[in-house]
Amino acid sequence: MATLDLFGSPAEGARDWLAPQAVVLRGRALSCADELLDAVAAVIAQAPLRQMVTPGGLTIAVASTNCGVLGWTSDRRGYRYSREDPVTGRRWPAMPACFAQLARQAAADAGFPGFEPDACLVNQYLPGTRLSLHQDKNERDFGAPIVSVSLGMAAVFLFGGHERADRAFKVNLHHGDVAVWGGADRLRYHGVMPLEDAPYAQLGSRRINLTFRKAG
Ligand code: MD3
Ligand code: FE
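Residue indices follow the written sequence of each chain, beginning from 1 at its first position. Here chains are named by letter from A upward and ligands by number from 1 upward, in the order in which they appear as written. A pLDDT threshold of at least 70 governs which residues receive local features in this predicted model, and a stricter bar of 80 or more applies before side-chain atom pairs are shown or counted, although totals over entire chains, interfaces and linings include all residues. Processing note: side-chain calculations cover all non-hydrogen atoms of the structure and skip hydrogens and water entirely.

Enquirer: Before we move on, could you go through the coordination of the iron ion (ligand 2) and cite the residues and values that matter?
Expert: Only His134 (NE2), Asp136 (OD) and His190 (NE2) from the protein coordinate the iron ion (ligand 2), and they sit 2.0 to 2.2 Å from it. Excluding water, the donors of a metal are its N, O and S neighbours within 2.8 Å, or within 3.2 Å for Na, K and Ca, and that exclusion means sites may look incomplete. Sequence positions of the donors to the iron ion (ligand 2) reduce to the motif H-x1-D-x53-H. Taken together, the residues His134 in strand E8 (residues 131-134) and His190 in strand E13 (residues 190-192) connect sequence positions 56 residues apart. Runs of H or I in DSSP of at least four residues are treated as helices and runs of E of at least two as strands, each being numbered from the N terminus.

Enquirer: Residue-level account of the nonpolar core, with values.
Expert: What tends to happen in soluble globular proteins is that the nonpolar side chains get buried as a cluster. By nonpolar core we mean a set of buried residues, namely Ala, Val, Leu, Ile, Met, Phe, Trp, Tyr and Cys, connected to one another through side-chain atoms within 4.5 Å. Burial classes: relative accessible area under 20% of the type maximum marks a residue as buried, over 50% as exposed, and values in between as partly exposed (1.4 Å probe, protein chains only). Phe99, Leu210 and Phe212 are the most contacted members of the largest nonpolar core, which has 34 residues in total. Broken down by secondary-structure element, the contributors of at least two residues to this core are strand E3 (22-25), helix H1 (33-46), helix H2 (97-109), strand E7 (119-125), strand E9 (146-152), strand E12 (178-181) and strand E14 (207-213). Here this core gets 7 residues from one element, more than from any other, and that element is H2. Contact partners of Phe212, with chain neighbours within four places excluded, come to Met95, Phe99, Ala103, Phe115, Pro117, Ala119, Cys120, Pro145, Ile146, Val147 and Val149. Counting 25 residues, the second-largest nonpolar core is a separate cluster that includes Ala19, Trp72, Phe157 and Leu173. We call two residues in contact whenever any of their non-hydrogen atoms come within 4.5 Å of each other.

Any link to function would need more than the numbers given here.
If you want it as structure tokens, here you go:
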């Protein structure tokens, strides 16, 4: 397997193209990371992190919540986007302004102007948590890109092809990195290797990933 960035944090400002329409903007969120983390805490206070269940009845290792008009949920009835948080019965917390601004600007930097996300999935990984290879296909319109922001502990991301069996390559994602992918690369398989425990300053032994989508 080819590996991008084997050694430590890459240079802030670097752009690592994984495919023609998939790029990692290194350190793109660093200048607003403290504000993002405060906003994450406020979202979690209103809509707690929870481990969802797959339609097949398996508990998902990643703990999740959402903000924005639409939130991604999974239960025995299936995967879907909903306006209400099934745990609280209320609407998901509003998307913080700093989230929307970063997602919009990062998408534009990567060649996707006009991205207006209506959904932000907040995923928490603890040491040992992994996310198996999957495609993101619960959204209505695959024309919009997806923007993902990594905070806290580093992770090894798996970037695959359009078939589950296609060879995946590894990409290290660090605190502050922002990944954007769309167009022909929107439906690639991807996942996250089991997280290693290397506590990160402000977050301790946690990784938080924000995934911005146009879902509705
Ligand atoms: C896909 N989350 O919630 S996003 C998910 O780190 C999800 O929490 C992961 O997959 C996470 O559905 C990964 C990061 C990402 C980055 C680049 C990609 C996904 C990508 C490029 C192509 C396809
Ligand atoms: Fe995904």
